[in-house]
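Chain by chain, the residues:
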Amino acid sequence: MFHDPEDRYRFYLFLQEGSERFGHRILAFCLMTNHVHLAVQVGEVPLSRFMQNITFRYTRWQNWRMGKTGHLFQGRYKSFLVDGDAYLQELVAYIHLNPVRAGMTTKLGNYTWSSHRAYLGKEIIPWLNTETVLATYSSDTSTARKQYATFISDRVKEGHREEFHGKGSSDSRVIGDDHFVEAILERADRLPLRRPGLDMVVEVIKRLYSLQEEELASPGQKRWAAEARGVAAWAVQEFSSATLTDLAKRFGRDVSSMSAAVRRLEQRRKTDQGIDERLKRVGRELEGAICQA
């Protein structure tokens, strides 16, 4: 997966851009040779969007560098939800100790491709959030780092832990005490199973922009219609059971242009209040549709 430092720095870039785009926090990471470990505090956007974005972009980068085509990652990523109060310190330490368990280094501080050195204050990674975990040790950063160093040094000889590999619990999707697991699974059982389809997304966009579908699908590049198509693409990615491919076919566009339109919108909404308000309005309508499904 990683051949040299350039690969790893490129993956860092995708982590940074992905976390900013989707509103997630990277709490810890460790890049191995053929896989990656991440501790992510998820925002409002589902983790799957974040992971799909990173894996797609990194695969495209690798194929370009190596002159290859096809898949890089084997199957879907494995994820589980962790009780931050009881297990977050343990999880971060376990992630950081992967190179030691794998025999890649005997001194954890010598391994440069994880967030461990940043936790010790020896490296600055702007897109990494160490504050959340360090605050569980102490409100004083210096004290917290010392306590973290002691905590992880006590676990250097710790071996494989089943619970951090989706095994050894009543439900491998959740790691926490019994009350936490029960609460999460009960909430999951109440989650809606259906998401709005393409027809509903298009109807919401037509109503918001006062356009007919023929205008949305017209070959021209009128700004209002172009913005509407971009918002439709954003809405499909964020809320719909449909895909960008479905939307691209309906509007007679290619997927790459629809994806690029979404990226431009997300940049514009940072400085354009009108765009931000329209995206929020579409989001509210489609979230309401999800709740009613």
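Preceding this paragraph is the structure being described.
(A) View of the layout of surface pockets. The calculated volume of the second largest pocket comes to roughly 310 Å³. Forming the boundary of the second largest pocket are 13 residues, of which Gln221, Ala226, Glu227, Ala261 and Arg264 lie nearest the centre. Looking at the lining of the second largest pocket, the elements that each hand over two or more residues are helix 11 (223-239) and helix 13 (255-268). A per-element tally of the lining of the second largest pocket places helix 13 first, with 6 residues.

(B) Here's a closer look at the nonpolar core. Formed by 44 residues in total, the largest nonpolar core has its most connected members in Phe11 and Trp127. Elements with a minimum of two residues in this core: helix 1 (5-22), strand 1 (25-31), helix 2 (47-66), helix 3 (84-96), helix 5 (116-119), helix 6 (131-134) and helix 7 (141-153). Here this core takes 6 residues from strand 1, the largest share from any one element. Here phenylalanine 11 is in contact with Met1, Phe2, Leu31, Val36, Ile54 and Tyr58, once residues within four sequence places are set aside. Ala233, Trp234, Ala235 and Phe239 belong to the second largest nonpolar core, which has 30 residues in total.

(C) Local environment of the pattern of salt bridges. A full pass over the atoms with the stated rule returns 18 salt bridges. With its nearest N and O atoms 2.6 Å apart, the salt bridge here joins arginine 250 to aspartate 199. Residue arginine 250 is found in helix 12 (residues 244-251), and its partner aspartate 199 is found in helix 9 (residues 198-209); the two are separated by 51 residues along the sequence. Taken together, the salt bridges that share partners define one network made up of Asp4, Glu6, Asp7 and Arg65.

Thresholds, definitions, all that
- Residues numbered from 1 in each chain as written.
- Predicted model: local features only at pLDDT ≥ 70, side-chain atom pairs only at ≥ 80, totals over all residues.
- Heavy atoms only, no water.
- 1 Å grid on protein atoms, 1.4 Å probe; cavity = no way out; pocket = protein on both sides within 12 Å on 5 of 7 lines; lining within 4 Å.
- Points joined across faces, edges and corners; volume = space filled by probe spheres on them.
- Helix = DSSP H or I, 4+ residues; strand = E, 2+ residues; numbered from the N terminus.
- Core = buried A, V, L, I, M, F, W, Y, C linked by side-chain atoms within 4.5 Å.
- Buried < 20%, exposed > 50% of the residue type's maximum accessible area, 1.4 Å probe, protein only.
- Contact = heavy atoms within 4.5 Å.
- Salt bridge = Lys/Arg side-chain N within 4 Å of Asp/Glu carboxyl O.

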